[in-house]
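Residue strings, one per chain:
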Amino acid sequence: MSDVFLLRDAQTARLEAYVPKSHGKSRADDRRILNGIIFINRNGLRLRDASKVYGLHKTLYNSWKPWRHKDIFGQMLAKFAYRIVNGNTWPRRQDAEFFLSSLTQVIRDNFSSRFAPLEIHLKHPALEDPQPLERMFRAPVRDHQPVNRLIIARPDALRVIRHEDLGLLATRERQVRDLIGEATPALDTTSAARAVIDANLGISAITLDRVAAALHLGPRTLQRRLAAEGTSLRTILEDVRQIRAVRLLSQPRARVGLVAQTVGYTDLTAFWRAWRGWIGEAPSKLDRN
């Protein structure tokens, strides 16, 4: 872990615009405090563990608390976006890491600052250096997994942290359902089945009965509707597998065995046969550059 994190002048200038001023002027130690808060968040530390370079941890806390209540950091993030400059980087890799780290921080901010998942599962290939993520999550990071997810201990998941207003929750849920109903067009059966397969591939067996149950249809009804749209469950499954397998194996350091498991093949030989049927050559021949 790096002992010090320091913003460059240009970075500081962009962020200081969001920091509350004292009597219309920036405070002399705002830059130091910004550096300290970013340092503890990127390394998953407590305020008291910050380097002495950032001053007293009490000073950091006294600024962090009001800034948090005023959503200063949310305003900063709302104004920034990232651009992927490495053509070999799968865009969803950065999305997954950002979302899971943000979710972990939300849990720590609102429930327990000591929260740590059991494991972090990421769909993309192995990282060159997983240690920064593992420090932030305080948990092992596993690559080549079927889905991006936090693995949480069962007692933590079931523990009641606080009691909500059930009446207000019911009202909000109805409002959300109304908004979703207005904004989301109904999917055709092929698209709906594809979405179910994509969400469950590599996690559970993809069968006609399971997909039909997820769509609240009978198995025969599902078959008839797919046939009317000119396809079948097997065709959709193979298409989803092919797209995901090609995407994963195109990544540097991808391992054929792990990719096969991720797309639902328990038998590596079966995956090789399927791949030859899709691409016409062995997986090892794929250009990963």
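The sections below set out a description of the structure shown in this document.

What counts, and where the lines are drawn
- Residues numbered from 1 in each chain as written.
- Predicted model: local features only at pLDDT ≥ 70, side-chain atom pairs only at ≥ 80, totals over all residues.
- Heavy atoms only, no water.
- Pairing = 2+ DSSP bridges.
- Helix = DSSP H or I, 4+ residues; strand = E, 2+ residues; numbered from the N terminus.
- Core = buried A, V, L, I, M, F, W, Y, C linked by side-chain atoms within 4.5 Å.
- Buried < 20%, exposed > 50% of the residue type's maximum accessible area, 1.4 Å probe, protein only.
- Contact = heavy atoms within 4.5 Å.
- Expected span 1.5 Å × (residues − 1).
- Phe/Tyr/Trp six-rings, centres within 6.5 Å; stacked < 30°, edge-to-face > 60°.
- Axes fitted to C-alpha atoms, helices over the stretch in contact; angles between N-to-C directions.
- Parallel < 35°, antiparallel > 145°, perpendicular 65-115°, else oblique.
- Left-handed = near helix turned anticlockwise from the far one by under 90°.
- Nonpolar A, V, L, I, M, F, W, Y, C, P; charged D, E, K, R; others polar.

### Overview of the sheet that holds strand β2 (residues 141-142)
And then number 1: The strand order across the open sheet built from 3 strands is β2-β1-β3, with neighbouring strands paired in mixed fashion. Strands with a single pairing partner mark the edges of an open sheet, and in this sheet they are β2 and β3 (149-151).

### Here we look at the nonpolar core
And then number 1: Grouped together as the largest cluster of nonpolar side chains are 27 residues, with contacts concentrated most on I197, V211, A245, L249, Y265, F271 and W278.
And then number 2: Breaking this core down by element, the ones donating at least two residues are α9 (189-200), α10 (208-214), α11 (219-228), α12 (233-249), α13 (256-262) and α14 (268-279).
And then number 3: In terms of residue count, α12 provides more of this core than any other element does, 7 residues in total.
And then number 4: Look past the residues within four positions of I197 in its chain and what remains in contact with it is I206, V211, L233, I236, L237 and V240.
And then number 5: In terms of nonpolar packing, the next biggest core, distinct from the first, is built from 17 residues, I33, F39, I40 and L47 among them.

### Remarks on α12
At 3.6 residues per turn, the α-helix brings residues three or four places apart onto the same side.
And then number 1: When the terminal C-alpha atoms of α12 are compared, their 24 Å separation across 17 residues agrees well with the 24 Å that a helix rising 1.5 Å per residue should span.
And then number 2: Three or more residues of α12 are buried, namely L233, I236, L237, E238, V240, R241, R244, A245, L248 and L249.
And then number 3: Packing partners of the buried residues in α12 comprise α9, α10, α11, α13 and α14.

### Focus: the packing of aromatic side chains
And then number 1: Across all of its chains, the model carries 5 aromatic pairs by this definition.
And then number 2: Pairing F39 with Y54 gives two aromatic rings, centres 5.3 Å apart and planes at 40 degrees, and the pair type is tilted. Pair noted here: F39 is in helix α2 (residues 30-42) and Y54 is in the loop between α2 and α3 (57-69), with a separation of 15 residues, a long-range link.
And then number 3: On the accessibility criterion, F39 (3% relative accessible area) is buried.
And then number 4: Each ring, one from F271 and one from W278, has its centre 6.4 Å from the other, and the planes form 80 degrees; the classification is edge-to-face. Judged on exposure class, the residue F271 and its partner W278 are both buried.

### Topic: the environment of G264
And then number 1: As for its position among the elements, G264 is in the loop between α13 and α14.
And then number 2: Judged by its relative accessible area of 31%, G264 falls in the partly exposed class.
And then number 3: For the pair G264 and L237, spaced 27 residues apart in sequence, the C-alpha separation works out to 9.9 Å.
And then number 4: With residues up to four places along the chain from it excluded, the contact list for G264 reads L201, G202 and R241.

### What about the packing of α9 against α12?
And then number 1: The geometry of α9 relative to α12 is characterised by a closest axis approach of 10 Å and an angle of 50 degrees between their N-to-C directions. Between α9 and α12, the interaxial angle falls into the category oblique. The way α9 lies across α12 gives a crossing that is right-handed. Counting all contacts with α9, which are made through T190, A193, R194, I197 and D198, the residues of α12 involved are L233, I236, L237, D239, V240, I243 and R244.
And then number 2: Taken together, the residues of the contact of α9 with α12 sort by class into 7 nonpolar, 1 polar and 4 charged.

### Quick notes on unusual backbone geometry
And then number 1: One non-glycine residue with positive phi stands out, namely H144, at about 55 degrees.
And then number 2: In this fold, H144 is placed in the loop between β2 and β3.
And then number 3: A relative accessible area of 4% places H144 in the buried class.
And then number 4: Positive phi outside glycine occurs at H216, with the angle close to 60 degrees.
And then number 5: Residue class for H216 comes out exposed when judged on its relative accessible area of 73%.

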